[in-house]
Amino acid sequence: MARFTPHPDQLPLNWSDTQAIEVIVEQRLAERFEAESFQWRFRLVMIETVMMGMLVLLAGLLLKQPTMMVLRASLLVAGSCLVGVDGSQRHRNVPE
């Protein structure tokens, strides 16, 4: 039975030192999650924006309000939702 030989480009790990391996894995995961966090935050903001705009549009049309007024109101709500989240994120990392 042949012994397993790793690929030459593979990171050599000493499996007896589990603490060092955990640190390496945690660093790589932290870098990956930090890179993906912007994409997820953007997705959530866009979903919230669309939902709020559609909610105002649907409510206005069901209440038989003038169509142009409802469209304008839904665009204003969606726009303020999009800008409001950006403004609130700016002060999030300020230490107290």
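Keep in mind that this is a model prediction, so the values were computed, not measured.

Caption draft 1: The arrangement of the overall build of the protein chain in detail. Secondary structure assignment for the protein chain yields two helices and zero strands. Split into buried and exposed, the 96 residues of the protein chain put 11% on the buried side. As displayed, the protein chain offers around 8800 Å² of accessible surface, 65% of which is attributable to carbon and sulfur atoms.

Caption draft 2: Region of the structure containing helix H1 (residues 18-62). Taking 1.5 Å of rise per residue, 45 residues should cover 66 Å, and H1 covers 62 Å from first to last C-alpha, within 8% of that figure. At Glu 36, H1 shows its strongest bend, of approximately 30°. Listed as buried for H1 are Ile 21, Val 45, Thr 49, Gly 53, Leu 57 and Gly 60. Positive backbone phi, at 60°, marks Lys 64, one or two positions downstream of H1.

Caption draft 3: Representation of the environment of Gly 60 in the model. As for its placement among the helices and strands, Gly 60 is situated in helix H1. Owing to a relative accessible area of 10%, Gly 60 belongs among the buried residues under this scheme. Sequence-distant contacts of Gly 60, defined by excluding residues within four places in its chain, comprise Gln 65 and Val 70.

Caption draft 4: Fine view of the pattern of salt bridges. Under the defined criterion, the tally for this structure stands at one salt bridge. Salt-bridge contacts for Arg 32 lead to Glu 36; the nearest nitrogen and oxygen are separated by 3.4 Å. Taken together, the residues Arg 32 and Glu 36, both in helix H1 and four residues apart, mark about one turn of the helix.

Caption draft 5: Representation of the packing of aromatic side chains in the model. For the structure shown, the criterion picks out one aromatic pair. Arranged with centres 6.3 Å apart and planes meeting at 20°, the rings of Phe 38 and Phe 42 form a pair that is stacked. Within this pair, Phe 38 and its partner Phe 42 are both found in helix H1, separated by four residues, close to a single helical turn. Exposure remark for Phe 38: the relative accessible area of 57% places this residue in the exposed category.

Cut-offs used in this document
Residues numbered from 1 in each chain as written. Predicted model: local features only at pLDDT ≥ 70, side-chain atom pairs only at ≥ 80, totals over all residues. Heavy atoms only, no water. Helix = DSSP H or I, 4+ residues; strand = E, 2+ residues; numbered from the N terminus. Buried < 20%, exposed > 50% of the residue type's maximum accessible area, 1.4 Å probe, protein only. Areas by Shrake-Rupley, 256 points an atom, 1.4 Å probe, with all protein chains shown as cover. Expected span 1.5 Å × (residues − 1). Bend = angle between axes of the 7 residues up to and from the residue. Contact = heavy atoms within 4.5 Å. Salt bridge = Lys/Arg side-chain N within 4 Å of Asp/Glu carboxyl O. Phe/Tyr/Trp six-rings, centres within 6.5 Å; stacked < 30°, edge-to-face > 60°.

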